Amino acid sequence: MSVTACAHPNIALIKYWGKADRPGNVPATPSLSITLDGLTTTTTVSEAAEDTFTLDGRPVTDAKVTQWLTALRREYAIPPLAIASHNDFPTAAGLASSASGFAALITAIDGACGLELSRAYCSGLARQASASAARSMFSGFVTLQGPDWQAEPLLEAADWPLEVVIAVSDTGGKAVSSSDGMRRSAESPYFAAWVDSTAADFQQALAATTARDFPALTELAEHSCLKMHGLMLATRPGLLYWNAATVACLHRIRQLRAEGSAVFFTVDAGPQVKAVCLPGHGEAVAEALGRVAGVSRIIHTRLGRGAWLEGS
Ligand code: PMV
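Since the model is a prediction, treat every value here as computed from it, not as a measurement.

Draft legend 1. Seen up close, the overall build of the protein chain. Check the secondary structure of the protein chain and you find 9 helices and 14 strands. Scaling as 2.2 N^0.38, a compact globule of 312 residues should have a C-alpha radius of gyration of about 20 Å, and the protein chain matches this with 19 Å. Each principal axis of the C-alpha atoms in the protein chain carries an extent, and together these give about 60 × 40 × 35 Å. Look at the contacts in the protein chain between residues 6 or more apart in sequence, and 76% of them connect residues 24 or more apart. As displayed, the protein chain offers around 12800 Å² of accessible surface, 53% of which is attributable to carbon and sulfur atoms.

Below is the structure:
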């Protein structure tokens, strides 16, 4: 028994940051994401004498994976597993490796153990490890909202084929994990306002997306990103995920927009900037961001599919 599954990361345009005060890793805010093409986690699961986990060829101990597997085994007969996962992009640097990681892992386990779970059910299980992973089970634009906190596809990738340019400026792991950062943020005086105001941002972004209204989505996505980072800054100690190149890219993207490019930015819990563009605008944006001091790599991609079993 050996099964390989793949998944792409996703980036949120309306951000999830913070957890609800109840069990099950339930987000405090609804989110809207796009699943990316171009970056891929590939995970092979095989039956073994004991659980082992390697990431990019190195043995690792990951408390999140261990706890999640323990919980899964309370529901399903899952034998000891050798899990070998590979990311073709920097791990834990704000490129959503936990999203693609858990989406690929549950898909591989489902295949290897013959659980025959639906995609929606796998998404719910992935959410319990990493809420953003629930969204990587689906293609294109994806929502994650209450009351059931089940990720759902909104638009397929082909329905609005946006381009995404990622400006990578630091490939080291993040200093503070998302979970720790969220815990710290819950103490911020801004937290209640962040949670209260995100519901309206989310509803407006749904309308902008279904109407393919790029200017409206631009305003909402940049607002959600900057508001989340404002909350992060207003914690104790403040969470500062950006570096100098991050700020330079944000200014450059606004300048490009003023000059006529259809582009907006978003940044997760790390320094990399993602520039989302209307079709046809990505090349000029990639070229401009590649010239920003401190940017070491440009990844130019588009929207992609949800998690899949290799060969399917
Ligand atoms: O699901 P996590 O623990 O990787 O947290 C994701 C948090 C953000 O990437 C910053 C926002 C989001 O909605 O993906």
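Draft legend 2. View of the site of the ligand. Surrounding the ligand, one finds 14 residues, the nearest of these being Tyr-16, Ser-98, Ser-130, Ser-132 and Arg-135. Here an oxygen atom of the ligand sits 3.1 Å away from a polar atom, N or O, in the side chain of Ser-130. Contact between the ligand and Arg-135: an oxygen atom at 2.7 Å from a side-chain N or O atom of the residue. For the ligand, the protein covers 93% of the area, taking 380 Å² as the surface of the free molecule. Of all the secondary-structure elements, those providing two or more residues to the shell around the ligand are α4 (131-135) and α5 (178-185). Looking at the shell around the ligand element by element, the count peaks at 3 residues for α4. Class assignment for the residues of the shell around the ligand results in 7 nonpolar, 4 polar and 3 charged.

Draft legend 3. Up close: the layout of surface pockets. Here the second largest pocket defines a volume of roughly 220 Å³. Around the second largest pocket sit Lys-19, Asn-25, Lys-64, Gln-67, Trp-68, Ala-71, Gln-128, Ala-129, Ser-179 and Arg-183, which together line it. Mapped by element, the contributors of at least two residues to the lining of the second largest pocket are α1 (63-75), α3 (119-129) and α5. When residues of the lining of the second largest pocket are assigned to their parent elements, the largest contribution, 4 residues, is made by α1.

Draft legend 4. Focus on the sheet that holds strand β2 (residues 10-14). One open sheet holds the 4 strands; their spatial order is β2-β3-β8-β9, and the pairing between them is antiparallel. Each of the sheet's edge strands pairs with one partner strand only, and the pair in question is β2 and β9 (150-155). Between one strand axis and the next, the sheet turns through 35 degrees on average, direction left out of account. The pairing of strand β8 (residues 141-145) with β9 spans 5 bridges and is classified as antiparallel. Paired with Leu-144 across the two strands is Ala-151, which belongs to β9.

Draft legend 5. Summary view of helix α9 (residues 282-290). What α9 keeps buried is the set Gly-282, Val-285, Ala-286, Ala-288 and Leu-289. All buried residues of α9 project into a common sector of 170 degrees when viewed along the axis, lining one side. Buried residues along α9 sit against β10 (163-168), α8 (244-258), β11 (263-266), β12 (273-277) and β13 (297-302).

Draft legend 6. Representation of the packing of α1 against helix α2 (residues 97-112). Between α1 and α2, the shortest axis-to-axis distance is 13 Å and the interhelical angle comes to 35 degrees. Along this stretch, α1 crosses α2, giving a crossing that reads as right-handed. Each of Lys-64, Val-65, Trp-68, Leu-69 and Leu-72 in α1 lies in contact with α2, whose residues at this interface are Phe-102, Leu-105, Ile-106 and Ile-109. Of the residues assigned to the contact of α1 with α2, the class counts are 8 nonpolar, no polar and 1 charged.

Conventions we followed
Residues numbered from 1 in each chain as written. Predicted model: local features only at pLDDT ≥ 70, side-chain atom pairs only at ≥ 80, totals over all residues. Heavy atoms only, no water. Helix = DSSP H or I, 4+ residues; strand = E, 2+ residues; numbered from the N terminus. Rg over C-alpha atoms; globule rule 2.2 N^0.38 Å. Contact = heavy atoms within 4.5 Å. Areas by Shrake-Rupley, 256 points an atom, 1.4 Å probe, with all protein chains shown as cover. Near = heavy atom within 4 Å. Polar contact = N/O pair within 3.5 Å; in protein donor to acceptor, adjacent residues only side chain to side chain. Nonpolar A, V, L, I, M, F, W, Y, C, P; charged D, E, K, R; others polar. 1 Å grid on protein atoms, 1.4 Å probe; cavity = no way out; pocket = protein on both sides within 12 Å on 5 of 7 lines; lining within 4 Å. Points joined across faces, edges and corners; volume = space filled by probe spheres on them. Pairing = 2+ DSSP bridges. Axes fitted to C-alpha atoms, helices over the stretch in contact; angles between N-to-C directions. Buried < 20%, exposed > 50% of the residue type's maximum accessible area, 1.4 Å probe, protein only. Arc of directions from axis to C-beta. Left-handed = near helix turned anticlockwise from the far one by under 90°.

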